[in-house]
Amino acid sequence: THIPSLTLNNGTSIPQLGFGVYQIEPQDTREAVRTALETGYRHIDTAEMYGNEKEVGQAVRDSGLPRGEVFVTSKLNNGHHAYGDALAAFDRSMEDLDLEYLDLFLIHWPLPAVGDYVETWQALEEIYRSGRAKAIGVSNFQPSHLERLLRETGTVPAVNQIEIHPYLTQDDVRAFGTDHGIATEAWSPIAQGKVLDDPVITEIAGRLERTPAQVTLRWHIQRGDIVFPKSVTPARVEENFRLFDFELTPADMAAITALDRGERLGPDPDTFNWIP
Ligand code: NAD
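Please explain the overall build of the protein as it appears in this structure.
The helix and strand inventory of the protein stands at 10 helices and 10 strands. In terms of C-alpha radius of gyration, the protein reaches 18 Å, essentially the compact-globule figure of 19 Å for 276 residues. When the backbone C-alpha atoms are referred to their principal axes, the protein occupies close to 55 × 40 × 35 Å. Each of the 276 residues in the protein was classed as buried or not, and the buried ones make up 53%. Counted over contacts in the protein with a minimum sequence separation of 6, partners at least 24 positions apart contribute 75%. With the model as given, the accessible surface of the protein reaches about 11300 Å², and the carbon-plus-sulfur share is 48%. Each charge sign in the protein was given a centre, from 24 positive and 42 negative side chains, and these centres are 2 Å apart.

So, in structure tokens, the structure goes:
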């Protein structure tokens, strides 16, 4: 299977489908990532917050794949937004991952009431200049947060990773990204399973002889977003990878998009200011 890649605004390329490891216990992570890499995934999405960077790095190294063939993302945890703290936290992540470089490093949450994410972004710019992260970006940023980075710094984030699924289509944030060259990554792409028994989605799945998860993930792919569904069940890891031998019609795409009801599973980035 050929997984399409997207070109980010700094010229680096990212596989549009990856594997997410949120809520995978550290003791299960090596095996899960091994399964994903054996299935053909070449993009892993982790974070310091997930507590499994060490095991992700181990699995990537154990795979024997050339480093350049696997795209690895990690994220700065919420307690480290001050400039010096962000640099130190990145060093610790790199030590845990034990990789030569990261492909993408993100600010996990803007935490608008905690400090100044502009200062945090300046630390990521410094990391980018060092070459140890090939691209930098943000997660859970609203257009107002992005506006400030665009106004006050010299680097446009390569990606914005936000909650997106059929019940939260985020068309305004996605449009802002499109207008400014920021790629959109969709987290919880199947709403942690919540959308899989929606009648609109099960009808399309039945008609196309695909599963509801495949239909939902395919919807993201055709919208042009980057996805990394999570599963520790090998059959589902495989199922979620089989997205490139069928297509949704414009009518099916529109029917899924129309399921939007502004329903967040996760926190609202404007009011979330939690520090571990
Ligand atoms: P998801 O939408 O990928 O759903 C995962 C859950 O859905 C699994 O635990 C499993 O129960 C079920 N599932 C998976 N495949 C299935 C299938 N084929 N059939 C039926 N059920 C299936 O949710 P997620 O893990 O929250 O999101 C994916 C990734 O996004 C995470 O692992 C993480 O990398 C990232 N993420 C980022 C943030 C952020 O703030 N940046 C927040 C949440 C998640």
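I tried to follow the sheet that holds strand E4 (residues 43-45) on my own but got confused; where do I start?
Remark on secondary structure: sheet strands pair via backbone hydrogen bonds, oriented parallel or antiparallel. The 8 strands lie next to each other as E3-E4-E5-E6-E7-E8-E9-E10, forming an open sheet whose pairing is parallel. The outermost strands of the open sheet, each flanked by one partner alone, are strand E3 (19-20) and strand E10 (226-227). For strand E6 (residues 104-107) and strand E7 (residues 136-139), the ladder comprises 3 bridges, and the chain directions are parallel. Note that in E7 the partner of Leu 106 across the bridge is Gly 137.

Help me understand the pairing of E7 in this model?
Along a regular strand, successive side chains alternate from one face of the sheet to the other. Because side chains alternate across E7, one face comprises the buried residues Ile 136 and Val 138, and the other comprises Gly 137 and Ser 139, equally buried. For the handedness criterion, the β-α-β arrangement of E6, helix H4 (residues 117-130) and E7 is classed as right-handed. Relative to strand E8 (residues 159-163), E7 runs parallel, the two sharing 2 bridges. Each residue of the ladder has a partner; that of Val 138, found in E8, is Asn 160. Crossover handedness for the path E7 to helix H5 (residues 143-152) to E8: right-handed.

What exactly am I supposed to notice about the packing of helix H2 (residues 53-62) against helix H3 (residues 83-97) here?
One way to put it is that H2 packs onto H3 with a least axis distance of 7 Å and a crossing angle of 45°. Compared by their axis directions, H2 and H3 come out oblique. Here H2 contributes Glu 53, Lys 54, Val 56, Gly 57 and Arg 61 to the contact with H3, which in turn contributes Ser 93, Asp 96 and Leu 97. Taken together, the residues of the contact of H2 with H3 break down into 2 nonpolar, 2 polar and 4 charged.

Sorry if this is basic, but what is going on with the site of the ligand here?
Taken together, 27 residues sit near the ligand, with Asp 45, Ser 139, Ser 188, Gln 192 and Asn 240 positioned nearest. In the model, an oxygen atom of the ligand is placed 3.3 Å from a nitrogen or oxygen of the Val 21 main chain. In this structure, Lys 230 approaches the ligand through a side-chain N or O atom, which is 3.0 Å from an oxygen atom. When the free accessible area of the ligand is taken as 840 Å², the share hidden by the protein chains comes to 89%. In terms of residue class, the shell around the ligand is made up of 12 nonpolar, 10 polar and 5 charged.

Would you take a moment to explain the environment of Val 33 for this structure?
Its location among the elements puts Val 33 in helix H1 (residues 26-39). Measuring from C-alpha to C-alpha, the distance between Val 33 and Pro 267 comes to 27 Å, with 234 residues separating the pair along the chain. Every residue in contact with Val 33, bar those within four places of it in the chain, is listed here: Phe 19, Val 21, Ile 44, Val 56 and Ala 59.

Would you take a moment to explain the environment of Gly 177 for this structure?
Within the element layout of this structure, Gly 177 appears in helix H6 (residues 171-180). Exposure remark for Gly 177: the relative accessible area of 2% places this residue in the buried category. The sequence separation of Gly 177 and Phe 228 amounts to 51 residues, and the corresponding C-alpha distance is 19 Å.

Thresholds applied
- Residues numbered from 1 in each chain as written.
- Predicted model: local features only at pLDDT ≥ 70, side-chain atom pairs only at ≥ 80, totals over all residues.
- Heavy atoms only, no water.
- Helix = DSSP H or I, 4+ residues; strand = E, 2+ residues; numbered from the N terminus.
- Rg over C-alpha atoms; globule rule 2.2 N^0.38 Å.
- Buried < 20%, exposed > 50% of the residue type's maximum accessible area, 1.4 Å probe, protein only.
- Contact = heavy atoms within 4.5 Å.
- Areas by Shrake-Rupley, 256 points an atom, 1.4 Å probe, with all protein chains shown as cover.
- Lys, Arg positive; Asp, Glu negative; His and termini not counted.
- Charge placed at Lys NZ, Arg CZ, Asp CG, Glu CD.
- Pairing = 2+ DSSP bridges.
- Right-handed = clockwise from strand over helix to strand, strands pointing away.
- Axes fitted to C-alpha atoms, helices over the stretch in contact; angles between N-to-C directions.
- Parallel < 35°, antiparallel > 145°, perpendicular 65-115°, else oblique.
- Nonpolar A, V, L, I, M, F, W, Y, C, P; charged D, E, K, R; others polar.
- Near = heavy atom within 4 Å.
- Polar contact = N/O pair within 3.5 Å; in protein donor to acceptor, adjacent residues only side chain to side chain.

Purely spatial values, then, with no claim about function.
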